[in-house]
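What follows is the residue order along each chain.
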Amino acid sequence: MELFQQIIAFFMAVIAAISSFFTGLFAPKKVDMTQFELVWSDEFDGDAIDADKWQIQRNTMMRRGGYWNTDLATVRDGCLTIETRYLPEGVNEGDPAGWYSARLRTKGLYEQTYGYFEIRCKLPRGAGLWSAFWMQNTEAMDAAYDDGSYGSEIDIMEAPYSDSDDPNRYSGAVHWGGYGEKHRSVEVKSGSLDADLYNTFNTYGLEWNAEEYIFYFNGEQIGKLDKRDLVPSQAPEHLLLTVEVGGENGVPAESWAQGVIEENGRDFVGAFVIDYVRAYQYR
């Protein structure tokens, strides 16, 4: 009887070991933060946008189906909030009526090559708009280099799906070659996520080095682009936070952003709520 119990115990241990092996093999890859050190961040603990970290643009700029003006971005309660709303008289005297939101960027203030970049946020929900956390090397995209190593647009998170049948997903992408005839891009999609992207805070991260881009959601890998897909940027990139309205020339229209913002009604207010933005370098 004792020998039989020992045999059973042995086989149970083998089964447990095999199960543990395959569980580890197929478990989502988690970001290894021990290889990074924090070098830049904004925790939004004050009561105003930090002009040493972000460009403050209070002149109105047309963008797709709406307009950008930094007055639509405010800091309160430990968060940055970028609102999207209809303003019949704009922000400044002489502005047109339309849908207004904001862009914040670190161009000329902070740029980095390689590392790990993360945002913790709640996304705005509504037809015809999308929020994004991304990076850009403006000079490379303006020059339309064929080789992405000279600089790219790196979309860590874009969320145009809130009005779709499967809203809890997002996209990442890398663009290079400028925005004209030489433009090329590769996309990564998260798939449907077991999370509420609009009412709870989640993190979206990117690990970037000379070999690859790895995209993370709440610390777990959701996709990767490497040298089989593209040549990773080897140039400094600045950070951007934006909300865009689908359309063109300041007029809302059908777009990638699922519907038209006018469907929400003129009283609609979208809120992109950001708890922090952090940048890490490899140790």
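Throughout what follows, the structure given in this document is the object of discussion. The structure presented is a predicted model; accordingly, all values stated were derived computationally and were not measured. Residue positions are given per chain, counted from 1 along the sequence in the order it is written. Only residues with pLDDT of at least 70 are given local features in this predicted model, and only at 80 or more are side-chain atom pairs given and counted; all residues enter the totals for whole chains, interfaces and linings. Side-chain numbers come from the whole structure's heavy atoms, not from hydrogens or water.

## Quick look at the overall build of the chain
Consideration 1: Along its length, the chain carries two helices and 20 strands.
Consideration 2: The principal-axis extents of the C-alpha atoms in the chain amount to approximately 90 × 40 × 40 Å.
Consideration 3: Categorising residues by exposure relies on relative accessible area from a 1.4 Å probe, with only protein chains included: less than 20% of the type maximum marks a residue as buried, more than 50% marks it as exposed, and the intermediate range marks it as partly exposed. Counting every position in the chain, which comprises 283 residues, the buried fraction comes to 51%.
Consideration 4: In this analysis, two residues are considered to be in contact whenever any of their non-hydrogen atoms come within 4.5 Å of each other. Across the chain, contacts joining residues at least 24 apart in sequence account for 70% of those joining residues at least 6 apart.
Consideration 5: The chain carries 24 positive and 45 negative side-chain charges, and their two centres are separated by 2 Å. Helix and strand labels come from DSSP, where a helix needs a run of H or I of at least four residues and a strand needs a run of E of at least two; each type is numbered from the N terminus. Charge assignment: positive for Lys and Arg, negative for Asp and Glu; neither His nor the chain ends contribute. Charge positions are represented by NZ for Lys, CZ for Arg, CG for Asp and CD for Glu.

## Digging into the packing of aromatic side chains
Consideration 1: Pairing of aromatic side chains here covers Phe, Tyr and the six-membered ring of Trp, requires ring centres within 6.5 Å, and sorts the geometry by plane angle: under 30 degrees stacked, over 60 edge-to-face, intermediate tilted. Scanning the entire structure with this criterion turns up 19 aromatic pairs.
Consideration 2: With centroids separated by 6.4 Å and ring planes inclined at 20°, the aromatic side chains of Phe-44 and Trp-54 adopt a geometry described as stacked. Separated by 10 residues along the polypeptide, Phe-44 in the loop between strand S1 (36–42) and strand S2 (61–63) and Trp-54 in the loop between S1 and S2 bring together distant segments of the chain. For the residue pair Phe-44 and Trp-54, the accessibility class agrees, reading buried in each case.
Consideration 3: A ring pair is formed by Tyr-67 and Tyr-100, whose centres lie 5.0 Å apart and whose planes are at 25°; its orientation type is stacked. Here Tyr-67, found in strand S3 (residues 66–68), pairs with Tyr-100, found in strand S6 (residues 98–101); they are 33 residues apart in sequence, far enough to count as distant.

## Considering the nonpolar core
Consideration 1: Take the buried residues of types Ala, Val, Leu, Ile, Met, Phe, Trp, Tyr and Cys, join any two whose side-chain atoms come within 4.5 Å, and each joined set is a nonpolar core. Leu-80, Ile-82, Leu-241, Ile-274 and Val-277 are the most contacted members of the largest nonpolar core, which totals 54 residues.
Consideration 2: The residues touching Ile-274, leaving out its near neighbours within four places in the chain, are Phe-44, Gly-78, Cys-79, Leu-80, Ile-82, Ile-119, Arg-120, Cys-121 and Leu-241.
Consideration 3: With six residues, the next largest nonpolar core counts Val-31, Tyr-116, Ile-214 and Tyr-280 among its residues.

## Things to note about the environment of Ser-233
Consideration 1: Here Ser-233 shows up in the loop between strand S16 (220–226) and strand S17 (237–245).
Consideration 2: Between the alpha carbons of Ser-233 and Asn-249 there is a distance of 31 Å; along the sequence they are 16 residues apart.
Consideration 3: Beyond its immediate stretch of four places on either side in the chain, Ser-233 contacts Tyr-114, Gly-148, Ser-149, Gly-151, Ser-152, Trp-208 and Tyr-213.

## Observations concerning the side chain of Ser-171
Consideration 1: Residue placement: Ser-171 occurs in strand S12 (residues 171–176).
Consideration 2: With relative accessibility at 1%, the residue Ser-171 sits in the buried group.
Consideration 3: Polar side-chain contacts of Ser-171 include one of 2.4 Å to the side chain of Tyr-161.
Consideration 4: Apart from residues lying up to four places away in sequence, Ser-171 is in contact with Ile-156, Met-157, Glu-158, Tyr-161, Glu-187, Val-188, Lys-189 and Trp-256. Pairs of N or O atoms are called polar contacts if they sit within 3.5 Å, as long as, within protein, a hydrogen donor faces a hydrogen acceptor (for residues adjacent in sequence, only side-chain-to-side-chain pairs).

## Things to note about the pattern of salt bridges
Consideration 1: Only one rule defines a salt bridge in this text: a Lys or Arg side-chain nitrogen within 4 Å of an Asp or Glu carboxyl oxygen. Under the defined criterion, the tally for this structure stands at 15 salt bridges.
Consideration 2: Note that Lys-189 is salt-bridged to Glu-187, the shortest N-O span being 4.0 Å.
Consideration 3: Taking the shortest distance from any N to any O, the salt bridge between Glu-211 and Lys-227 comes out at 3.6 Å. Of this pair, Glu-211 sits in the loop between strand S14 (202–208) and strand S15 (212–217) while Lys-227 sits in the loop between S16 and S17, placing them 16 residues apart in sequence.
Consideration 4: Accessibility expressed as a relative area gives 46% for Glu-211, which makes it partly exposed.
Consideration 5: Overlapping salt bridges bring together Arg-63, Arg-64 and Glu-244 as one network.

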